[in-house]
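Analysis of the macromolecular model
One letter stands for each residue in the lines below.
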Amino acid sequence: QLNDTHPALGIVELLRILLDEEDLPWDQAWDITTNIFNYTNHTVLPEALEKWSVSMVERLIPRHMQLIWEINHRFLQIV
């Protein structure tokens, strides 16, 4: 159970491990990941939410950003 912004990167890190290190196909890796993690946001106050620039994330953890873009793309396909 995640309830803060920065631990949410654990979701993408698990997905990365399952895809890149365990060689699982996307659907299986995503199914495992989404069955392990839950996220709850307890506040709507903007000052309580962390914000990271896309350029910073792409520079520091580029593979994670690739996966975030792919998650977003797949999400947009179903909504």
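Going by the structure above, here's the rest.
Residues numbered from 1 in each chain as written. Predicted model: local features only at pLDDT ≥ 70, side-chain atom pairs only at ≥ 80, totals over all residues. Heavy atoms only, no water.

**A look at the pattern of salt bridges**
The test is simple: We define a salt bridge as a contact between a side-chain nitrogen of Lys or Arg and a carboxyl oxygen of Asp or Glu at a distance within 4 Å. We count a stretch as a helix when DSSP gives it H or I for four or more residues in a row; a strand needs E for two or more, and each element gets its number in order from the N terminus. Classification of residues uses two cut-offs on accessible area relative to the type maximum, computed with a 1.4 Å probe and protein chains only: under 20% is buried, over 50% is exposed, and between them is partly exposed.
The tally for this structure, following the rule as stated, stands at five salt bridges. The partner of arginine 63 in a salt bridge is aspartate 20, and the shortest N-O contact between them spans 2.8 Å. Placement of arginine 63 in helix H4 (residues 62-78) and of aspartate 20 in helix H1 (residues 9-21) is noted, with a sequence separation of 43 residues between them. For arginine 63, a relative accessible area of 29% gives the class partly exposed. For aspartate 20, a relative accessible area of 33% translates into the label partly exposed. Arginine 74 is the partner of glutamate 70 in a salt bridge, and the nearest nitrogen-oxygen pair spans 2.6 Å. Remark: arginine 74 and glutamate 70 occur in helix H4; sequence separation between them is four residues, near one turn of the helix.

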